Amino acid sequence: MGDVLAGIHATWEFEPDAVLIRFERGIRAPKLYQALRERRIPHEALASVTLSPGRRGTVVLHAVPRAGADPLMEAAAGQLKDACDPYRLVLPAERETLAEYYCDELRARLGTDAAEPADRYLVAAPEGPLQFKAYDGKATFDDGQVTFRWFWTGASSAKWKAGDQTFSVRELAGVEWRSPDVFDGYLRLRRRGHAGDVQPAQADQDPAAVVFGLGYGPVHESLPFAAAVLAAVRDAGAAPVPVHAAVTAGRDPAVIAERIRHLGELYQAGLVTDEEFAAKKAQLLAEL
């Protein structure tokens, strides 16, 4: 195709075998877009393409990646808000006819296996080195290693006792990312040979995890980080653990009491509102 379709906060350039997405870096653009800058999406990485009405006189061209084709979307596991979805191109309604043309063109280029999961990552992961500040520590990924360095103001006694942690991607089985847009967000490394019932159920007690909070571990920093680690794990020869298969904590009263204690610490630090504190505490008490 070789043409360019400019939308709101992004531009799609149509190559013979891929779509090159360049993201706007202005202050109005989603921060995840600014962090990603640009991504090349091969046609073989796509499962479907749709065009639908948007809000306030817009239309949305939406490409859906195949399962397992993009480490970023695999790490996100359906938790991204529409406004941050890098596969959505929002256009003024007057460009609907042009958008419909490109939608049809992309559909015609989908492979016969578009509905099947990909057996390898077809979209490149964000490049390192990467780092971000979580509530309880600083996470760094560089040269095939993930390092967690704890903050005395946020880390639990269990993490202080364990000390700062460094993990080679060769000893990891996968990554679990829970969005910081929810109350108990975190990034957890799944280690080979450590079943879910062996690692601590709560991320704030697990030396292989960092927890998020208000202003800590934002999506545009922690999600590219998780995607880069996930891709490195696969490159190292491991089959990544599905990131959406989060381990459900047991109803151990001691575990729930510890979660309530941690919730109280976040509340005292001003990281959760009165409403969030009351709702989460009630939820935890209901699990007893």
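Note: the structure precedes this text.
Bear in mind the structure is a predicted one, so any value in this text is a computation, not a measurement.

A. Quick look at the side chain of Arg190. Within the secondary structure, Arg190 is located in strand E13 (residues 186–191). A relative accessible area of 8% places Arg190 in the buried class. Among the polar contacts listed, one links the side chain of Arg190 to the side chain of Glu176, at a separation of 2.4 Å.

B. Quick look at unusual backbone geometry. With omega at 0°, the peptide bond leading from Gly128 into Pro129 counts as cis. Locating Pro129 in the fold gives a position in the loop between helix H3 (96–108) and strand E8 (130–133). Backbone geometry places Arg56, a non-glycine residue, at a positive phi of 55°. Turning to its location among the elements, Arg56 is positioned in the loop between strand E5 (46–53) and strand E6 (58–65). Judged by relative accessible area, which is 79%, Arg56 ranks as exposed.

C. Quick look at the pairing of strand E10 (residues 145–150). Here strand E9 (residues 137–142) pairs with E10 via six bridges, running antiparallel. By the bridge assignment for E10, Ala139 is matched with Phe148. In this antiparallel pair of consecutive strands, E9 and E10, the connection spans two residues, and Asp143 shows a positive phi of 55°. The pairing of E10 with strand E11 (residues 165–168) spans four bridges and is antiparallel. When the bridges of E11 are listed, Gln145 appears paired with Ser168.

So, how was this worked out
- Residues numbered from 1 in each chain as written.
- Predicted model: local features only at pLDDT ≥ 70, side-chain atom pairs only at ≥ 80, totals over all residues.
- Heavy atoms only, no water.
- Helix = DSSP H or I, 4+ residues; strand = E, 2+ residues; numbered from the N terminus.
- Buried < 20%, exposed > 50% of the residue type's maximum accessible area, 1.4 Å probe, protein only.
- Polar contact = N/O pair within 3.5 Å; in protein donor to acceptor, adjacent residues only side chain to side chain.
- Pairing = 2+ DSSP bridges.

It is worth stressing that arrangement in space is one thing and function is another; only the former is reported here.
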